[in-house]
Structures are given as C-alpha cells and as structure tokens.
Amino acid sequence: MITARAAATFDPVSRSVATARAFVRDTLQGWGYTDVVDDAVVLTSELVTNAVVHAGTAADVLCLRTEDGVRIEVSDRYPEREIPLQNTGMNFGSPDRENGRGLLLCATLASRWGVEYSPTHKHVWFQLDLPERPVGIRSAGPLLPVGLLPVADERVRVAVVQIDSTGSIAAWNEDAVFLFGYAAEQVTGKQLTDFTAWPQTPGTNTGIVDALQLSRWEGSYGIRGAEGRTIPVYASHLRVRDTHGEPSTVCLLVRDYERAVLQSPVRTPVSDANAESHTTDPFEIFIGSPAPDDLDALLQRTVERARDMLDADSAFLLLATDDETELEVRATTGLPSARQRFARVPVEAGTGRYGSARMPAVHEDLDNMPGAVPLLGGTGMRSVVTVPLKVEGRLTGSLGVAAEAAGRYSNEEALRLQFAADRIALAVESARLGELERLRRGSLSFLVEASDLLAGTLDRDQTLALMAQMTVPTLATWCAVYTIADQSSEPYLSYVLHEDEERIDGLKALLSKIAPPDPVPTPGARVWAAPTEAAHQAALHTSMRTLGLGESGGLGSGIRTTLATAAAVGGETVVLPLVARNRVIGMLTLGKPSEDHFRQEILELAEDLSRRAALALDNARLYSERTAISQSLQRSLLPPGLPEVPNVEIEVIYRAAGEGNEVGGDFYDVFPIRDGAYGFAIGDVCGTGPEAAAVTGLARHALRLLAREGFGGPAVLERLNAAILDEGARSRFLTLLYGELWPQEDGSALLKVVCAGHPLPLRLSQDGSVESAAEPQPLLGVIEDLELYEQAVTLAPGDVLLCVTDGVTERREGTRMLGDDGLADVLATCTGFTAGAVAARILRAVERFAAEPASDDMAILAMRVPEPPTT
C-alpha cells in the first residue's frame with residue numbers, strides 16, 4: 001500500500017544531479033526512512049546522471065512510500081536506449097566505468113529493481129526495504145501447525161566424530177559413513193583438518209583447530225566427502241576428558257539445513273508470578289537489557305561489565321582487522337582512552353604461551369615480561385588476563401582486564417572471561433559488520449558528492465580549496481596540500497586548512513619551516529612524523545625562553561600560539577600521494593590533534609578521495625596551461641597597437657564571441673606603409689576555431705607585407721586570395737575591406753578602398769548625411785581569377801568613415817535585425833562626435849538592440865578628420 005508520494009522533474013543539465021540527490025534525501029528523511037537514505041541517494045544519482053548527462057533528456061523522479069520500504073522511479077524521454085534485463089547473463093560493466101555502473105549498483109544495493117518502457121518514456125525503478133525492527137523480544141519460536149514445520153529426511157543423520165588431543169579422528173559412527181562416504185578405517189588416525197573445508201574463507205583450518213580447543217563451540221563449516229564434493233554441515237563441539245584425564249572433543253555434525261537439530265536456541269527471560277526463579281540469556285546477564293544499538297556503546301558496556309565481573313582496575317577490547325594481523329583498540333575503561341582509541345597492536349606479540357591473541361592468556365606480572373601486552377605499557381598495570389573473541393573459528397577481537405597488583409588472576413578467571421567473550425562475540429561481530437556497512441554506504445555517498453564537486457570546476461585554486469574542505473573536518477582535523485609543478489621542482493605548500501580558523505596561520509608557519517614530505521608514488525597513506533616533532537620542539541623552545549632557560553629562537557612567536565599549534569598537530573599525520581597520469585603532482589597531508597590516530601576505514605576513504613582529487617587537480621592544471629597558450633596565440637593575431645596618424649582620429653573596438661576567446665574570425669589592422677601613407681583593413685573569416693584563426697593570421701601578415709612591397713590595393717587582395725586558395729582544405733573564404741590613407745596638407749584625408757564582399761563602409765558628413773563610401777566586389781578565397789578595383793574617398797574636416805563586420809549589422813532580436821539601415825540611422829546621430837565617441841555609441845546601440853549576449857564576433861573601426869580649431 002502506498003502511503004505517500006513525492007515527485008519532481010529535473011532539467012538536462014549537470015547541476016540537476018546534485019539537486020535530485022538533495023530532493024531524495026530530504027524526502028526520505030522527512031518520511032523517517034533514514035535507514036535507506038544513503039543507498040537511495042547513490043542509486044538516484046547514478047540513474048539521474050544517465051538521464052540528464054548521458055541520454056541528454058529531462059529526468060522525472062518519483063518517490064513512493066510504503067509500510068515496509070520505499071520505491072523510487074527515474075524516467076527519461078529516451079526510450080530507444082536499451083538496458084540489459086536481470087538474470088540474462090549480460091555484463092553490466094566494470095564499477096570503475098561510467099557505462100552501466102548505475103545498473104550494477106541497482107543489482108547490488110536494491111531489494112528489487114527493474115525497467116519499464118512506454119512509447120515516450122523509459123522507467124528505471126528500484127525498491128529498498130526497511131530493515132526488520134523486532135519489538136519487545138530479540139527472537140521467538142512461535143507455535144506452528146505441523147504442515148508449516150521444516151521438512152527433513154525420514155531419518156535425521158547425526159554424525160558423531162571424536163577427536164583426540166592431537167586433533168586426530170578417534171571415532172567415526174555409521175551416520176558419518178552415510179553422510180560423508182568414508183569408512184571408519186579410512187579416516188581413523190587422520191587429522192580432522194584433512195577433511196574440513198570452508199570455501200568462503202581461505203585458511204579456516206586454523207580456526208577449526210582453535211575451535212577444537214574450546215570447551216564448547218557451535219558453527220558451520222564444510223566436510224569434503226569421498227566423492228570430492230564439499231558438504232556444508234552444522235557442528236556442535238563439546239570438549240570432555242576420560243577417567244584418566246585425557247582430553248578429547250566430541251563433534252556432532254548434521255547437514256547445514258538441518259541445523260535446528262543441534263543449534264542452541266536463543267533463551268529469553270521467562271517470568272512467572274508464582275515462580276521463585278527464572279532463566280535468563282547469559283548474554284543479557286553480562287551486557288544487560290536492552291543491548292546497545294550501536295557498536296561503540298556495546299563495546300563500552302562490555303569492557304565496563306568485564307572490569308566489574310573480575311573486580312579489575314581497567315579493561316579493554318580490541319577488534320581484529322580483516323586480515324587478522326592487527327588488533328585495533330575500540331573501547332577501554334580505566335586507561336587513557338583518548339590516547340589509546342583506534343591504536344593498533346600486532347596479533348602475534350611476545351613469546352611463549354602468552355604470545356598469541358588467538359588463545360586465552362594470563363599474565364601474573366607484566367614487570368617480568370615487558371612488552372607482552374603492548375597496550376598496557378606505561379599504564380602501571382601488572383596482572384592481566386586476555387581472551388579471544390571468535391566467530392565460527394575466526395578471530396574477531398580480544399577482551400582483556402588488568403589490575404595494578406601482581407598475581408590477581410588465574411586460569412579460573414580466564415575461563416569466566418572466556419565464557420563471557422563467547423556470549424558476546426557474535427553480537428559484537430554483527431554490530432561491527434553493521435557499522436562497516438553504514439560506513440561503506442556513507443563513504444559511497446560522500447565520494448559521489450566529492451566527485452560531483454571536483455568535476456564542476458577547472459580552476460586550480462578552487463580545486464585545491466575543495467580538496468581541503470572535503471577532508472576537514474569529515475576525515476581529519478587539519479589538511480595541507482602540496483603541489484609539484486614538474487619533475488624537477490620541489491613540493492610547494494599550496495593550501496592549508498584547519499577546522500579552527502584561528503589555527504591556520506600557526507599551522508601554515510610551522511609547515512613552511514620544515515622540509516615537505518618526499519613525493520613517493522606508492523599508493524596508500526604513510527605516517528609523516530616531521531610536523532609533530534617540529535611542533536613539540538617549537539613548544540619546548542618557546543616554553544624555555546619564557547622561563548629564561550634557553551636561547552632565543554624557535555618556530556613560534558608566542559607561547560600561546562605555539563602551544564596551540566603543537567596541540568593541533570600533535571596526533572598522527574599521514575601523507576597520501578596525488579598521482580595523475582602516472583606522475584606525482586602533489587601530496588595530500590591529513591592530521592589529527594594530540595595523541596589521536598586515524599581509523600583504517602577513514603584512510604581508505606581518504607585514498608579514494610585523493611585519486612579523484614589528483615585527477616581533478618591535473619585536469620585544472622592542463623586546462624590552465626592550454627588556456628594560457630590559447631590566449632597567447634590569440635593575442636599574437638591582434639595588432640600590437642594603433643599608429644599615430646597625423647590629423648586623423650582612429651578608434652577600434654573589438655569583441656570576440658565565446659567564453660575565454662580574445663580573437664575570433666573577425667580581425668582589423670592599421671599600419672604605416674611608407675612616409676605619409678597608412679594601410680587599414682577590417683575583415684571576417686568564415687567559421688570559428690583554430691582554422692579561422694589561422695586564416696586571420698595569414699591575412700593580417702600578408703596585407704602588411706604586400707602593402708609595404710609597393711603593391712596597390714587590388715594587387716594586394718588578389719595575391720592574398722591566391723595565398724588563401726593555396727591552403728587547400730584548410731582554406732576559408734574571407735570578406736575584407738582594405739584601404740590606404742593619405743593625410744592631406746589642407747586638413748582633409750584621401751582614401752583608396754577595396755570592398756571585397758564585406759559590409760560597405762559608411763561616411764558621415766558634417767551636415768549629418770550618411771552614404772556608402774564604396775561599391776561591393778567579390779569576396780576572397782572562392783574563385784581564382786579576381787578583377788578588383790579601388791575607389792577614392794575624400795574625408796573633409798568633420799567627416800567620419802565607419803567600417804564594421806557583419807556581427808554589427810546582423811545583430812538580431814527575434815525576427816528583427818539591425819541591418820545596414822539601422823546602422824546608418826545610429827551613425828547619423830553622431831555628428832560632431834570624436835572617433836572614440838562614434839565607436840562607443842555604435843557598440844552601445846548594438847548591445848541594447850537585443851537582450852541576449854552577442855553570438856558573433858564584432859569589430860568596429862572609426863576614422864575621423866577633426867575640424868580645425870577656431871580662433
């Protein structure tokens with residue numbers, strides 16, 4: 001049943017992806033469905049990206065709330081694109097590739113998903129079910145009708161296998177023969193580990209060996225049968241001893257789907273008003289009821305109960321890393337928790353029977369075995385007992401209690417603590433996996449947001465700022481970014497950020513006075529001790545100077561600032577390389593405050609972020625370099641400056657269309673030819689981009705060269721036409737107005753112009769009349785044999801000659817166009833204006849003619865013969 005709905009439509013622009021994520025997040029949080037928000041945001045982001053970015057259509061997002069979950073539909077207007085159906089064996093693609101990643105995520109995260117087509121739309125939907133939330137009791141076994149009971153074989157086979165103290169099989173019953181196919185004589189005397197298998201987890205033999213040493217154990221593993229097939233079984237182990245005191249383990253094995261025969265039921269409190277006693281789950285006796293919902297609270301209550309149970313001075317709990325080589329401190333009581341939290345110790349430490357965390361251990365006096373428990377070094381604790389936390393034979397953690405007095409604990413306390421550890425191990429592992437899953441989903445959502453932000457800019461400084469702002473305070477307390485310009489350059493401190501803005505200047509001063517980290521390309525985080533050491537030395541020197549005990553000098557300028565900086569960087573500092581295109585382009589440095597450490601999950605997330613940030617930073621660098629090169633080449637196509645022409649005012653206004661363009665297909669030039677003669681030109685090359693710019697450069701330089709060789713106007717243009725045609729496929733046709741100018745002694749100016757396919761020049765007379773100053777002739781770059789001629793124009797004092805490109809006359813607003821007549825009307829209002837004022841009024845009229853920015857290049861060349869001064 002649908003209980004609520006929310007819908008929105010997003011335009012086919014890149015920013016819609018972030019808007020859609022915010023819409024889904026706000027909707028689900030408003031409904032109280034926080035458990036599935038992260039998965040929903042990630043899936044919506046991918047599907048909306050497919051619609052608005054890849055398909056290029058608008059995206060409709062519909063959220064439907066039901067009693068047990070949420071359904072989200074993403075529709076686009078591009079039904080021709082096919083999506084592979086589920087369970088067809090088709091490859092969704094690599095998770096690292098853009099194509100198909102949204103469907104792969106749907107298949108992984110969603111409870112259900114699918115694709116529906118209509119004549120105009122394609123709908124991709126996914127369903128996310130809410131996790132079950134038991135109310136009142138942890139578990140229950142209800143009364144069921146006989147017909148609903150699980151089905152088993154007519155006879156349930158229970159294999160009974162007895163293992164002696166060496167791990168060898170001593171007994172093998174008939175049901176074991178039936179289940180696994182081996183006769184008793186085939187297996188007697190052989191190690192049980194020769195027949196066990198656990199395909200999901202390599203190296204489980206060690207776990208089973210440990211399980212055989214425990215007083216009681218239940219769990220699943222596999223037995224390789226005589227036919228070579230692995231048979232999943234559920235096992236219940238009980239360790240016993242015979243009348244002579246020799247220990248052995250009795251193993252009861254059933255098929256895994258018949259585990260209910262052996263599995264110990266979860267016991268819940270049973271209350272009876274007339275009973276004097278009741279039975280309670282040992283887990284709840286130890287942890288209390290209700291059990292904490294989150295991992296940290298569960299671990300903290302565990303260490304507190306363990307300390308109280310053995311009347312200890314302190315207790316600690318460590319969780320194993322995925323490879324079981326290290327233990328990470330997750331909860332302590334009676335110890336400096338701020339210093340120890342998330343610190344790591346190796347699983348194998350010390351020698352002898354106390355050297356492994358995989359078995360219970362009792363230390364009567366740590367003073368006699370320094371380093372046996374690294375976590376307790378320097379804490380004053382002397383006696384300690386530690387026991388492993390194991391789930392199905394795999395080491396998941398270690399629980400320990402310690403006392404300041406020696407000889408406080410014996411094997412009896414170790415057994416009591418091991419019993420408690422066995423009760424909580426599964427709950428702790430379940431909570432830990434839940435925390436990892438939440439971190440994974442949150443990390444995925446974080447990386448999606450980060451990638452979106454980094455992809456939205458090509459500015460280097462903004463990319464550096466985004467890198468720092470995404471890490472502080474989410475991943476670290478402070479951050480510094482070093483950049484490397486090229487392989488021969490030293491790392492340069494480019495950006496520093498601290499969660500407390502007042503600490504930034506002190507941190508920057510500290511880092512600028514120490515050598516930067518080495519640019520090692522090895523992936524992953526590595527510890528960098530230099531900032532912490534330098535901060536502590538600075539604090540020490542400053543304190544000594546304040547007390548008058550040392551020489552002047554040091555990194556800090558004041559005791560308060562220096563001590564604050566030392567505290568800010570006194571914890572763990574790690575460096576991650578920024579590698580892009582097989583080159584180290586910088587380092588991302590993350591730091592924690594005093595005595596704090598990074599969690600492995602945070603370092604892995606930071607490593608993923610550094611890879612994305614490195615590529616974004618390198619893209620920004622390449623864009624900046626290419627923009628600088630492009631602008632330099634464009635500027636080389638413009639004239640270096642306008643010459644001073646006697647008794648003639650000249651003004652040019654040039655506007656190139658397009659963001660970041662300084663030169664387009666239009667060009668102009670004014671240059672001296674010889675004494676008393678000047679050339680001028682204004683032209684428009686067909687097309688845009690590098691090809692048009694190449695013809696622009698060719699035309700401008702050819703005009704100067706040919707004019708200075710003494711050729712007249714028609715000859716100059718005919719030779720330029722031949723040069724353009726010689727370019728072959730790269731040639732572009734060209735409209736060009738070229739003329740030569742001679743200032744006269746009487747104050748006038750003589751011009752000879754050739755108008756080759758260009759908008760005609762206009763002459764404004766002193767009386768306000770406007771007329772064309774030339775006749776149209778064929779444009780350049782189209783036919784080989786041109787016959788051009790020049791026309792003479794005389795500008796009297798006060799006259800103006802206006803030359804423009806078609807970006808001025810073809811300025812449009814809807815169906816209206818400025819045109820030649822509109823330009824003439826504007827010019828007629830410029831009587832008595834200087835050349836600069838004329839050009840400015842023409843530009844203003846063009847800009848005001850339409851509300852939209854100009855889509856074509858514009859060049860305006862105004863020449864005016866000034867009136868003689870009146871006496």
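All residue numbers refer to positions counted from 1 along the written sequence of the respective chain. pLDDT decides what is reported in this predicted model: residues at 70 or higher carry local features, side-chain atom pairs at 80 or more are listed and counted, and totals for whole chains, interfaces and linings draw on all residues regardless. The basis for the side-chain values is all heavy atoms of the structure; hydrogens and waters are excluded.

**Student:** Sorry, what's going on with the overall build of the protein chain here?
**Tutor:** The helix count covers DSSP runs of H or I at least four residues long, the strand count covers runs of E at least two residues long, and both are numbered beginning at the N terminus. Counting its secondary structure elements, the protein chain contains 20 helices and 34 strands. Counting all 871 residues of the protein chain, 47% fall into the buried class. Computed with a 1.4 Å probe, the accessible areas rest on the Shrake-Rupley method; for each residue, only the protein chains presented here act as cover. Summing over all exposed atoms, the protein chain offers an accessible surface of approximately 43500 Å²; the carbon and sulfur share of this is 51%. When a residue's accessible area, from a 1.4 Å probe over protein chains only, is under 20% of the maximum for its type it is buried; when over 50% it is exposed; and in between it is partly exposed.

**Student:** Would you take a moment to explain the pattern of salt bridges for this structure?
**Tutor:** When their charged atoms lie close together, side chains carrying opposite charge are able to pair. Every case where a carboxyl oxygen of Asp or Glu lies within 4 Å of a side-chain nitrogen of Lys or Arg is listed as a salt bridge. According to the stated counting rule, one finds 27 salt bridges in the structure shown. Close ionic contact of R155 with D175 constitutes a salt bridge, the shortest N to O distance being 3.1 Å. With R155 in the loop between strand 5 (122-129) and strand 6 (159-163) and D175 in helix 4 (residues 174-180), the pair connects residues that are 20 residues apart, well separated along the chain. For R155, a relative accessible area of 47% puts it in the partly exposed group. Its relative accessible area of 8% is what places D175 among the buried residues. One salt bridge connects R382 with D367, and the closest N-O pair in it is separated by 3.1 Å. With R382 in the loop between strand 15 (361-363) and strand 16 (383-391) and D367 in the loop between strand 15 and strand 16, the pair connects residues that are 15 residues apart, well separated along the chain.

**Student:** Just checking my understanding: could you explain the sheet that holds strand 23 (residues 649-655) for this structure?
**Tutor:** By way of backbone hydrogen bonds, the strands of a sheet pair with one another, either parallel or antiparallel. Taken in spatial order, the five strands line up as 23-34-31-28-29 in an open sheet, and their pairing is antiparallel. Here the strands that pair on one side only, and so sit at the sheet edges, are strand 23 and strand 29 (770-772). For this sheet, the mean inter-axis angle between neighbouring strands, taken without regard to orientation, is 20 degrees. Contacts from helix 19 (residues 819-828) reach strand 28 (762-764), strand 29 and strand 31 (800-804), with the element oriented near 20 degrees to strand 28. By this definition, two strands are paired if DSSP reports at least two bridges between them. Here an axis means a line fitted to C-alpha atoms, over the contact stretch when the element is a helix, while the angle between two N-to-C directions is reported on a 0 to 180 degree scale. Residues count as neighbours in contact if any of their non-hydrogen atoms are within 4.5 Å of one another.

**Student:** Would you explain the sheet that holds strand 10 (residues 230-241) in this entry?
**Tutor:** Spatial ordering of the open sheet is given by 7-6-11-10-9-8, a layout of six strands whose pairing is antiparallel. Strand pairing shows two members of the sheet lacking a second neighbour, strand 7 (169-172) and strand 8 (196-197), which therefore form its edges. As paired elements, strand 6 and strand 7 share three bridges and run antiparallel to each other. Residue pairing across strands places I163 opposite I169, the latter belonging to strand 7.

**Student:** Is there a simple way to explain the packing of aromatic side chains in this structure?
**Tutor:** What describes a pair of aromatic rings is the distance from one ring centre to the other and the angle between the planes of the rings. Between the rings of Phe, Tyr and Trp (Trp by its six-membered ring), a pair exists once the centres lie within 6.5 Å; its type follows the angle of the planes, with under 30 degrees stacked, over 60 edge-to-face, and the other angles tilted. Applying the stated rule across the entire model yields five aromatic pairs. Relative to F180, the ring of W172 has its centre 5.8 Å away and its plane inclined at 50 degrees; by these criteria the two rings are tilted. Pair check on accessibility: W172 and F180 agree, each one buried. Taking 5.9 Å as the distance between ring centres and 45 degrees as the angle between the ring planes, the aromatic pair formed by Y654 and Y668 counts as tilted. Placement of Y654 in strand 23 and of Y668 in strand 24 (residues 666-674) is noted, with a sequence separation of 14 residues between them. Y668 shares its class with Y654; the two are buried. Residue placement shows R157 over the ring face of F178; its charged tip is 3.8 Å from the ring centre. Should the NZ of a Lys or the CZ of an Arg lie within 6 Å of a ring centre and within 35 degrees of the ring normal, that charge is described as sitting over the ring.

**Student:** Help me out: how do you make sense of the pairing of strand 16 in this one?
**Tutor:** Consecutive side chains along a regular strand alternate between the two faces of the sheet. Here strand 16 lies mainly inside the structure; nine of its nine residues are buried. For strand 15 and strand 16, the ladder comprises three bridges, and the chain directions are antiparallel. Of the residues in strand 16, the one forming a bridge with A361 is T386. For strand 16 and strand 17 (residues 394-403), the ladder comprises nine bridges, and the chain directions are antiparallel. Each bridged residue has a counterpart across the sheet, and for T386 the counterpart in strand 17 is G400. Adjacent in sequence and paired antiparallel, strand 16 and strand 17 are bridged by two residues, among which E392 carries a positive phi angle near 55 degrees.

**Student:** Explain helix 8 (residues 295-309) here, please?
**Tutor:** Given 3.6 residues per turn, any residue in an α-helix points the same way as the ones three and four places further on. One fewer than the residue count of a helix, multiplied by 1.5 Å, yields its expected span. Taking 1.5 Å of rise per residue, 15 residues should cover 21 Å, and helix 8 covers 21 Å from first to last C-alpha, within 8% of that figure. Every buried residue of helix 8 is accounted for by L295, L298, L299, T302, V303 and A306. Down the axis of helix 8, the smallest arc covering the buried residues is 130 degrees, so these residues share one side. D311 sits one or two positions beyond helix 8 and adopts a positive phi of about 50 degrees. This arc corresponds to the set of directions leading from the helix axis out to the C-beta atoms.

**Student:** Help me out: how do you make sense of the nonpolar core in this one?
**Tutor:** Proteins that are soluble and globular tend to have nonpolar side chains buried together. Here, nonpolar core means buried Ala, Val, Leu, Ile, Met, Phe, Trp, Tyr and Cys residues that are tied together by side-chain atoms lying within 4.5 Å of each other. In this structure, M467, L511, L578 and L590 are the most contacted members of the largest nonpolar core, which totals 49 residues. The element best represented in this core is helix 15 (residues 600-636), accounting for eight residues. Among all residues touching M467, those that are not within four sequence positions of it are L454, V481, L578, L588 and A613. Formed by 35 residues, the second largest nonpolar core is a distinct cluster that contains V17, A20, F23 and L28.

**Student:** Honestly, a nonpolar patch on the surface in this entry has me stumped. Any pointers?
**Tutor:** Taken together, F733, V782 and I783 make up a surface patch of nonpolar side chains, about 260 Å² in accessible area. The topology assignment puts F733 in the loop between helix 17 (713-726) and strand 26 (734-743). Like charges within 9 Å and nonpolar side chains (Val, Leu, Ile, Met, Phe, Trp, Tyr) within 5 Å are joined into patches, using only residues over 30% in relative accessible area that form no salt bridge.

**Student:** How do you make sense of the confidence of the model for the protein chain when you look at a structure like this?
**Tutor:** If pLDDT is low for a region, its predicted coordinates should not be looked at in detail. On average, residues of the protein chain carry a pLDDT of 80, and 82% of them reach 70 or more. Think of pLDDT as the predictor's per-residue confidence, scored from 0 to 100. When mean pLDDT is taken per element in the protein chain, strand 31 scores highest with 95 and helix 9 (residues 337-340) scores lowest with 49. Segment residues 550-557: pLDDT under 50, and 17 contacts once partners within four positions in sequence are set aside and those in other chains are kept.

**Student:** I would appreciate a short explanation of the packing of helix 1 (residues 15-31) against helix 10 (residues 411-455) in the present structure.
**Tutor:** Packed helices, taken two at a time, are described by the angle their axes make and the gap between the axes. The geometry of helix 1 relative to helix 10 is characterised by a closest axis approach of 11 Å and an angle of 150 degrees between their N-to-C directions. Accordingly, the angle class assigned to the pair helix 1 and helix 10 is roughly antiparallel. In terms of crossing hand, the pair formed by helix 1 and helix 10 is left-handed. The residues of helix 10 that touch helix 1, namely those facing A18, R21 and R25, are S445, V448, E449 and D452. Orientation labels follow simple angle bins: below 35 degrees gives roughly parallel, above 145 gives roughly antiparallel, 65 to 115 gives roughly perpendicular, and whatever is left gives oblique. If you view the pair so one helix is near and one far, a crossing is left-handed when the near helix is turned anticlockwise from the far one by less than a right angle, and right-handed when it is turned clockwise.

**Student:** So what exactly am I meant to see when it comes to the environment of R700 here?
**Tutor:** Note on placement: R700 falls in helix 16 (residues 689-708). Spatially, the C-alpha atoms of R700 and F667 are 7.9 Å apart, while their sequence positions differ by 33 residues. For R700, the contacting residues outside a window of four places in its chain are S636, L637, L638, P639, P640, F667, Y668 and D669.

**Student:** What is the right way to read a negative patch on the surface from this model?
**Tutor:** Together, D726, E784, D785 and E787 line one region of the surface with negative charge. Within the secondary structure, E787 is located in the loop between strand 29 and strand 30 (791-795). When charges are counted, Lys and Arg are positive and Asp and Glu negative, with His and the chain ends excluded. The atoms used to mark charge sites are NZ of Lys, CZ of Arg, CG of Asp and CD of Glu.

**Student:** So what exactly am I meant to see when it comes to the environment of V584 here?
**Tutor:** With respect to the element layout, V584 can be found in strand 22 (residues 583-591). Linking V584 and T483, residues 101 residues apart in sequence, is a C-alpha distance of 8.9 Å. Those residues in contact with V584, other than ones at most four positions away along the chain, are I484, P519, V520, P521, L578 and V579.

**Student:** Would you explain the side chain of E413 in this entry?
**Tutor:** Considering the arrangement of structural elements, one finds E413 in helix 10. There is no salt bridge for the buried E413, and the closest opposite charge comes from R416, which lies 5.4 Å off by N-O distance. In this structure the side chain of E413 is engaged in a polar contact, spanning 2.6 Å, whose partner is the side chain of S410. Polar contacts, as used here, are pairs of N or O atoms within 3.5 Å; protein pairs need one atom able to donate a hydrogen and one able to accept it. Residues neighboring in sequence count only if both atoms are side-chain atoms.

**Student:** I keep staring at the packing of helix 10 against helix 11 (residues 460-471) and nothing clicks. Help me out?
**Tutor:** Relative orientation of the contacting elements helix 10 and helix 11 amounts to 165 degrees, with a least axis distance of 10 Å. On the basis of their axis angle, the class for helix 10 and helix 11 is roughly antiparallel. Of the two possible hands of crossing, helix 10 and helix 11 adopt the one that is right-handed. Of helix 11, the residues touching helix 10 (which contributes F446, A450, L453 and L454) are T463, L466, M467 and M470.

**Student:** Got a minute to help me understand the environment of V753 in this structure?
**Tutor:** In this fold, V753 is placed in strand 27 (residues 749-756). Between the alpha carbons of V753 and Q791 there is a distance of 5.3 Å; along the sequence they are 38 residues apart. If near-sequence neighbours (up to four positions away) are discounted, V753 is found in contact with F680, L737, Y738, G739, A773, A774, Y789, E790, Q791 and V793.

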